[in-house]
Amino acid sequence: QVQLVESGGGLVQSGGSLRLSCAAASGRIFSGYAMGWSRQAPGKEREFVATISWSGGSTDYASSVKGRFTISRDNAKNTVYLQMNSLKPEDTAVYYCNAASSITFMRRGVYNYWGQGTQVTVSS
C-alpha cells in the first residue's frame, strides 16, 4: 500500500524550475511528522535534500540545494512541496518523499514512511 505519492517530476533544461508534490494517503501518516525529500542519482547513494518540521516552522537543506530549493507543506491537504529553481544537471535523480519522527531523523535517513519516487532530469 502506497502511503506517500510523489508527482511533478519531468525533464527540464538547466536553469529551469520544477515543483514536486507529495500527497499522503491519510492524515495518520502526515500529522505530527517531519516531512522531507531525498534523492538518488544513478550509481550514487541516496542523499538528503530538504526537510520541514510538522509545524512548518523549521526547515533544513542540503548545502548543494540551499538557496535554490524551497520546501513547504500544507497540513490541511496532507501535502508537502519542493520548489526547485535554477536546476542543474547534477540535480538529475529520482526524488523521494519521506516522513520521519523529526528533522534529525530525516537528516539521518531514518524514515517512517516513503514514496516510490519521481524522476527529475535536467538537461545541459
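Note: the structure precedes this text.
All of the points below concern the structure found in this document.

What counts, and where the lines are drawn
Residues numbered from 1 in each chain as written. Predicted model: local features only at pLDDT ≥ 70, side-chain atom pairs only at ≥ 80, totals over all residues. Heavy atoms only, no water. Salt bridge = Lys/Arg side-chain N within 4 Å of Asp/Glu carboxyl O. Buried < 20%, exposed > 50% of the residue type's maximum accessible area, 1.4 Å probe, protein only. Helix = DSSP H or I, 4+ residues; strand = E, 2+ residues; numbered from the N terminus. Pairing = 2+ DSSP bridges. Axes fitted to C-alpha atoms, helices over the stretch in contact; angles between N-to-C directions. Phe/Tyr/Trp six-rings, centres within 6.5 Å; stacked < 30°, edge-to-face > 60°. Lys NZ or Arg CZ within 6 Å of the ring centre and 35° of its normal.

## What about the pattern of salt bridges?
Then, number 1: On inspection of all chains with the given rule, the structure shows four salt bridges.
Then, number 2: Two residues, arginine 39 and glutamate 47, come together in a salt bridge whose shortest N-O distance is 2.6 Å.
Then, number 3: Accessibility expressed as a relative area gives 5% for arginine 39, which makes it buried.
Then, number 4: For glutamate 47, a relative accessible area of 36% corresponds to the partly exposed category.
Then, number 5: Across the pair aspartate 91 and arginine 39 runs a salt bridge, and its minimum N-O distance is 2.9 Å. Taken together, the positions of aspartate 91 in the loop between strand E8 (79-84) and strand E9 (93-100) and arginine 39 in strand E4 (residues 34-40) put the pair 52 residues apart, joining distant regions of the chain. As far as the burial class goes, aspartate 91 and arginine 39 line up, both buried.
Then, number 6: Taken together, the shared-partner salt bridges in this structure form one network comprising Arg39, Glu47, Arg68 and Asp91.

## Here's the deal with the sheet that holds strand E7 (residues 69-74)
Then, number 1: Strand order in this open sheet of four strands is E1-E3-E8-E7, and the pairing throughout is antiparallel. Two strands in the sheet have a free side with no partner beyond their single neighbour: strand E1 (4-7) and E7. Each adjacent strand pair in this sheet contributes to an overall mean axis angle of 15°, direction not counted.
Then, number 2: Here strand E3 (residues 18-24) pairs with E8 via six bridges, running antiparallel. Looking at the pairing, arginine 19 lines up with glutamine 83 of E8.

## Describing the packing of aromatic side chains
Then, number 1: This structure, assessed with the given rule, holds one aromatic pair.
Then, number 2: On the numbers, 5.7 Å between centres and 85° between planes, the contact of tyrosine 33 with tyrosine 113 is edge-to-face. With a gap of 80 residues between them, tyrosine 33 in the loop between E3 and E4 and tyrosine 113 in strand E10 (residues 113-114) connect regions that are remote in the sequence. Across this residue pair, the class does not change: tyrosine 33 and tyrosine 113 are buried.
Then, number 3: Note that arginine 19 overlies the ring of tyrosine 81, its terminal NZ or CZ placed 4.0 Å from the centroid.

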